Amino acid sequence: MINFLQFMVFLPIQILFIPFVILGMIPAMYKEMIVSKKLGVSFTAGQAIQNRWIMHYLKTRPDEKTVKFIKVLPIESHFGLLCFMGAAIIANKICGYTPGLARVPEPGKEVFFNFLNTRTTNFDRIMKKNLEHVEQVVIMGAGYDLRVLDLARGRNVKIFELDQEKTQNLKLQTMKKAGIDDNGIIYIPVDFTEESWVEKLIKNGFDKTKKTFFLWESVSIYLEEDVVKDTLIKLSKLCAKGSIIAQDFYSKAFITGETTVLIKRSLRLLEKMGEPWLFGIDMSEDAKRSMESLLNDSGLALKDFV
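An account of the accompanying structure is given in this report. (Residues numbered from 1 in each chain as written. Predicted model: local features only at pLDDT ≥ 70, side-chain atom pairs only at ≥ 80, totals over all residues. Heavy atoms only, no water.)

1. A short note on the overall build of the chain
Reasoning step 1: On a plain count of helices and strands, the chain comes out with 13 helices and 5 strands.
Reasoning step 2: Its C-alpha atoms give the chain a radius of gyration of 20 Å, near enough to 19 Å, the size a compact globule of 306 residues would have.
Reasoning step 3: Judged by the C-alpha coordinates and their principal axes, the chain covers about 60 × 45 × 40 Å.
Reasoning step 4: Expressed as a percentage of its 306 residues, the buried residues of the chain come to 49%.
Reasoning step 5: Once local pairs closer than 6 in sequence are excluded, the contacts in the chain between residues at least 24 apart make up 70%.
Reasoning step 6: Of the side-chain charges in the chain, 41 are positive and 36 negative, and the distance between the mean point of each set is 5 Å. (Helix = DSSP H or I, 4+ residues; strand = E, 2+ residues; numbered from the N terminus. Rg over C-alpha atoms; globule rule 2.2 N^0.38 Å. Buried < 20%, exposed > 50% of the residue type's maximum accessible area, 1.4 Å probe, protein only. Contact = heavy atoms within 4.5 Å. Lys, Arg positive; Asp, Glu negative; His and termini not counted. Charge placed at Lys NZ, Arg CZ, Asp CG, Glu CD.)

2. Some details on the packing of aromatic side chains
Reasoning step 1: This structure, assessed with the given rule, holds 15 aromatic pairs.
Reasoning step 2: Each ring, one from Phe112 and one from Phe115, has its centre 6.1 Å from the other, and the planes form 25°; the classification is stacked.
Reasoning step 3: Judged by centre distance (5.8 Å) and plane angle (75°), the rings of Phe115 and Phe254 are edge-to-face. You can see Phe115 sitting in helix H6 (residues 115-131) and its partner Phe254 sitting in helix H11 (residues 252-255), a full 139 residues away along the chain.
Reasoning step 4: Under the relative-accessibility criterion, Phe254 is labelled buried at 13%.
Reasoning step 5: What links up through ring pairs into an aromatic cluster is the set Phe112, Phe115, Tyr250, Phe254 and Trp277. (Phe/Tyr/Trp six-rings, centres within 6.5 Å; stacked < 30°, edge-to-face > 60°.)

3. Focus on a nonpolar patch on the surface
Reasoning step 1: The grouping of Met1, Phe4, Leu5, Phe7, Met8, Leu11, Ile15, Ile18 and Ile22 at the surface amounts to a nonpolar patch, some 910 Å² of accessible area in total.
Reasoning step 2: Classification of Leu11 as partly exposed rests on a relative accessible area of 33%. (Patch = residues over 30% accessible without salt bridge, like charges linked within 9 Å, V, L, I, M, F, W, Y side chains within 5 Å. Areas by Shrake-Rupley, 256 points an atom, 1.4 Å probe, with all protein chains shown as cover. Salt bridge = Lys/Arg side-chain N within 4 Å of Asp/Glu carboxyl O.)

4. Structural notes on the sheet that holds strand E3 (residues 185-189)
Reasoning step 1: Pairing within the open sheet is parallel, and its 5 strands lie in the order E3-E2-E1-E4-E5. The sheet is open, and its two borders are formed by E3 and strand E5 (244-247), each paired with just one other strand. Geometrically, the sheet is characterised by an average inter-axis angle of 15° between neighbouring strands, direction not taken into account.
Reasoning step 2: The pairing of strand E4 (residues 212-216) with E5 spans 4 bridges and is classified as parallel. Counterpart to Leu215 in the pairing with E5 is Ala246.
Reasoning step 3: Sheet strands touched by helix H10 (residues 225-238): strand E1 (136-140), E4 and E5. Its angle to E4, the strand with the most contacts, is close to 170°. (Pairing = 2+ DSSP bridges. Axes fitted to C-alpha atoms, helices over the stretch in contact; angles between N-to-C directions.)

5. Description of the packing of helix H3 (residues 50-57) against helix H4 (residues 64-72)
Reasoning step 1: Interhelical geometry of H3 versus H4 gives an angle of 120° and a closest axis separation of 9 Å. Between H3 and H4, the interaxial angle falls into the category oblique. Taken as a pair, H3 and H4 cross one another with a handedness that is left-handed. In this structure, H3 contributes Arg52, Trp53, His56 and Tyr57 to the contact, and H4 contributes Glu64, Thr66, Val67, Ile70 and Lys71. (Parallel < 35°, antiparallel > 145°, perpendicular 65-115°, else oblique. Left-handed = near helix turned anticlockwise from the far one by under 90°.)

6. Quick word on unusual backbone geometry
Trans peptide bonds make up most of the peptide bonds, and negative phi angles are found at most residues other than glycine.
Reasoning step 1: If you check the backbone angles, Lys59 has positive phi at about 65° while not being a glycine.
Reasoning step 2: Looking at where Lys59 falls in the secondary structure, it is placed in the loop between H3 and H4.
Reasoning step 3: A residue is classified by how much of its surface remains accessible, and Lys59, at 57% relative accessible area, is exposed.
Reasoning step 4: Phi is positive for Ser218, which is not a glycine, with a value near 55°.
Reasoning step 5: Considering the arrangement of structural elements, one finds Ser218 in the loop between E4 and H10.

7. A look at the packing of helix H1 (residues 2-39) against helix H5 (residues 78-95)
How two helices sit against one another is set out by the angle between their axes and by the gap between those axes.
Reasoning step 1: Axis separation between H1 and H5 bottoms out at 7 Å; the angle between their running directions is 165°. The angle between H1 and H5 places the two elements in the roughly antiparallel class. As H1 runs across H5, the sense of the crossing is right-handed. Residues Gln6, Val9, Phe10, Ile13, Gln14, Phe17, Phe20, Val21, Leu23, Gly24 and Pro27 of H1 pack against Phe79, Gly80, Leu82, Cys83, Phe84, Gly86, Ala87, Ala88, Ile90, Ala91, Ile94 and Cys95 of H5.
Reasoning step 2: By residue class, the composition of the contact of H1 with H5 is 18 nonpolar, 5 polar and no charged. (Nonpolar A, V, L, I, M, F, W, Y, C, P; charged D, E, K, R; others polar.)

8. Focus: the pattern of salt bridges
Reasoning step 1: The final tally for this structure, using the stated rule, is 18 salt bridges.
Reasoning step 2: Taking the shortest distance from any N to any O, the salt bridge between Asp63 and Arg61 comes out at 2.8 Å.
Reasoning step 3: Assessed through its relative accessible area of 8%, Asp63 is described here as buried.
Reasoning step 4: Among the ionic pairs, Arg119 bridges to Asp248, the shortest N-O distance being 3.6 Å. Taken together, the positions of Arg119 in helix H6 and Asp248 in the loop between E5 and H11 put the pair 129 residues apart, joining distant regions of the chain.

In structure tokens:
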């Protein structure tokens, strides 16, 4: 009953906001699809932090740094997001209304439009838990992820971020404009498919004898299978005993669009933007066993499975 009453507060506000939604789509689509191509940076890296913006404004996961970052990020529109989510934000302030897009669903009830929230909060939890036991942190393909600035602040850990040069440069420029302090992070530009990221990491001060937390979020899905497997093998050789790798994997059924029509449409957009999904695992029978097999072949062991 409470949810119904909250929705009835939201509905008329959303109807009034329809012109703003249409208006906000213009700068949003231009920045996300046109400006990102002009700058030669990752389109999906910007998409990946939109859910964090939404959760912040709908009070399910505070993230002031990401909001400040998006306000000046050239490939995202803060105005467009406000237009799109404005009605929900107002209803939330009035009666606590929270749309499904901003909620963290119960395990097993995730759907396409909110599974990113589950992914985000799980990686938050895993990083918090393991930062107490490591001396180094490596963010692989960091994109515009800013969580390490809060979660590792004040801890005696060395932090490395690896990413494509243009995407990384844009991140640094945007943080400077937003007044976000990233002091202490070692940034390493690298092309995972063309360069030895291991060699560049070591040259920049990485110590193979120290326990390390590796975060490899939302990257392997965009890589060829042989690149993913090669990277996992290199990680197993690079890691000191007791190191942790936190990574997400997707099923073949998901990346080929077998699950929903909505995903098939998304695949066409990703192809158009030059960032198609490439790597998935056969999870049709036993997802955990498939994961264990992949990791064992790479010299790694599965510690926790979500």
